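Notes for the structure review
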Amino acid sequence: MAEIGVDITKAKLLLDNAELVAIPTETVYGLAANAFNVEAVLKIYEVKNRPKFNPLILHSNSLERFAEWGIVITDQLKKLADTFSPGPLTYVLPSNAAIPDIITAGQLSVAIRIPNHPLTLALLAELDYPLAAPSANPSEYVSPTSAEHVQAQLSEKIPYILDGGVCTVGVESTIIDLTQNKIRLLRLGGISKEEIELCIGEEIEDLLISDNVIAPGMMKRHYATSHPMVFEEQISTVNISPYTYAIRFQTYADYLPKENQFLLSENGNLNEAAANLFSTMRKLDAMQIDLIIAERFPAIGIGRAINDRLERATSKNLHS
Ligand code: AMP
Ligand code: MG
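With respect to the pairing of strand β6 (residues 109-113)
In terms of burial, β6 is a largely internal element, five of the five residues being buried. With three bridges connecting them, strand β4 (residues 57-59) and β6 associate as parallel partners. Across the sheet, the residue bridging to Ile57 is Ala111, located in β6. With four bridges connecting them, strand β5 (residues 89-94) and β6 associate as antiparallel partners. Its bridge partner being in β6, Pro94 is matched across the sheet by Ser109.

Put into structure tokens, the structure is as follows:
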């Protein structure tokens, strides 16, 4: 069993010795390893059963640290980081010889993020290397938003879980590519497209619907629950039974009894809804259910990231 605690010194000691530690962030829990130790990073791929072509994000506590590791800090990056970092925004930048191929999946670019969680920021400040830290779940499953979620799936495979409570954002970071002339949005997450455009004063390109998978997080069939899931607009194509449940935003639908419905935010707050999404999916997954019906969320701000995760979860049934 993995030990759960708040001991940063213990976490550092394990990481220094090429072991994995689960760490809290504001988005989801990460499965962390010393990014400069190939043996340690390989353990991440093994434990998650993650395909090797799926690159990892580097985490540290300041842009200055990243500069020490050869990352070039442009004015554009600085401006974005002044506004959004620490926070749920990941920057894809030109890589360099100091960054191992196992991190970048052999690409010429590398992704970096400064997570906004006090415990993890304190840990990162103690380390003389960045952490590679994908979400702490088996590949293709729903990301964990509490230490208990990590324990439920990885307990036998890792020695320590740093417990920082429940994640406040609850969906993964937004990823933007800064390697081209125009900023490109690769993954929707905790920071909305509108917020980024407001910060830099120009439109950014939306690559989310592209077939060309630049960010493997863009692959469909991700975030899947084990029960089939459909959107409400497909309701005429399914059979509703006593074992049908719904994920709803703030109000109950009339096609199911109230007991079969989970509201993500009674106050109609999209941030609260995002924070409750993955734990609700996990709750439903543990129940005797034959079908989950999901409401489509308002397509503004983090609502688009919620719809994106639900789409990936429903796409499992559509394509299989
Ligand atoms: P996660 O598994 O949530 O930590 O997300 C890692 C994701 O970051 C990957 O699946 C990619 O989508 C993205 N990513 C990491 N490195 C790069 C890179 N060099 N270029 C483009 N996307 C990247
Ligand atoms: Mg993940």
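Moving on, there is more to tell.
Observations regarding the pattern of salt bridges
Counted according to the given criterion, the structure contains 15 salt bridges. The residue Lys78 makes a salt bridge to Asp82 at a minimum N-O spacing of 3.2 Å. Of this pair, Lys78 and Asp82 both sit in helix α4 (residues 75-84), four residues apart, which is roughly one turn of that helix. Assessed through its relative accessible area of 40%, Lys78 is described here as partly exposed. With its nearest N and O atoms 2.9 Å apart, the salt bridge here joins Arg312 to Asp308. Taken together, the residues Arg312 and Asp308, both in helix α10 (residues 303-319) and four residues apart, mark about one turn of the helix. The two residues Arg312 and Asp308 agree in class, both being buried. Members of the salt-bridge network, linked through shared partners, are Glu172, Asp308, Arg309 and Arg312.

What about the environment of Glu3?
Mapped onto the fold, Glu3 is located in strand β1 (residues 3-5). Overall, the relative accessible area of 39% leaves Glu3 in the partly exposed class. Sequence separation between Glu3 and Asp163 is 160 residues, and the spatial gap between their C-alpha atoms is 9.8 Å. Each residue touching Glu3, except ones within four places of it in the same chain, is listed here: Lys10, Pro159, Tyr160 and Ile161. Here Lys10 takes part through its side chain, which lies 2.6 Å from a polar atom of the side chain of Glu3.

Things to note about helix α8 (residues 193-200)
Along α8, the residues that are buried comprise Lys193, Ile196, Glu197, Cys199 and Ile200. Seen from one end, α8 has its buried residues packed into an arc of 160 degrees, which puts them on one side. At the exit of α8 stands Gly201, carrying a positive phi of roughly 70 degrees.

Comments concerning the packing of aromatic side chains
By convention here, two paired aromatic rings are described through the distance between centres and the angle between planes. Applying the stated rule across the entire model yields four aromatic pairs. Consider the rings of Tyr245 and Phe262, whose centres lie 6.5 Å apart with planes at 35 degrees: the pair is tilted. Of this pair, Tyr245 sits in strand β13 (residues 244-248) while Phe262 sits in strand β14 (residues 261-263), and the two are 17 residues apart along the sequence. For the pair shown, Tyr245 and Phe262 are each scored as buried. A centroid spacing of 5.2 Å and a plane angle of 50 degrees characterise the contact between Phe249 and Phe297, whose relative ring orientation is tilted.

Considering the packing of α4 against α8
Each packed pair of helices is defined by two parameters, the angle between the axes and the distance between the axes. The geometry of α4 relative to α8 is characterised by a closest axis approach of 10 Å and an angle of 125 degrees between their N-to-C directions. Classified by the angle between their axes, α4 and α8 sit oblique to one another. Here α4 and α8 pass one another in a crossing that is right-handed. Where α4 approaches α8, its residues Lys79, Leu80, Thr83 and Phe84 are matched on the opposing element by Glu195, Ile196, Cys199 and Ile200. For the contact of α4 with α8, the class distribution of residues is five nonpolar, one polar and two charged.

Re the nonpolar core
Within the largest apolar cluster, 79 residues are counted, with the highest numbers of intra-cluster contacts made by Leu80, Tyr91, Ile103, Ile158 and Ile176. For this core, the element with the most residues is helix α9 (residues 270-285), which contributes seven residues. Excluding its chain neighbours within four sequence positions, the residues that come into contact with Leu80 are Ser85, Tyr91, Ile176, Leu178, Ile183, Ile196, Cys199 and Ile200. Of all hydrophobic cores here, the second largest spans 16 residues; its members include Ile23, Leu123, Leu127 and Leu162.

About the criteria used
- Residues numbered from 1 in each chain as written.
- Chains lettered and ligands numbered in written order.
- Predicted model: local features only at pLDDT ≥ 70, side-chain atom pairs only at ≥ 80, totals over all residues.
- Heavy atoms only, no water.
- Buried < 20%, exposed > 50% of the residue type's maximum accessible area, 1.4 Å probe, protein only.
- Helix = DSSP H or I, 4+ residues; strand = E, 2+ residues; numbered from the N terminus.
- Pairing = 2+ DSSP bridges.
- Salt bridge = Lys/Arg side-chain N within 4 Å of Asp/Glu carboxyl O.
- Contact = heavy atoms within 4.5 Å.
- Polar contact = N/O pair within 3.5 Å; in protein donor to acceptor, adjacent residues only side chain to side chain.
- Arc of directions from axis to C-beta.
- Phe/Tyr/Trp six-rings, centres within 6.5 Å; stacked < 30°, edge-to-face > 60°.
- Axes fitted to C-alpha atoms, helices over the stretch in contact; angles between N-to-C directions.
- Parallel < 35°, antiparallel > 145°, perpendicular 65-115°, else oblique.
- Left-handed = near helix turned anticlockwise from the far one by under 90°.
- Nonpolar A, V, L, I, M, F, W, Y, C, P; charged D, E, K, R; others polar.
- Core = buried A, V, L, I, M, F, W, Y, C linked by side-chain atoms within 4.5 Å.

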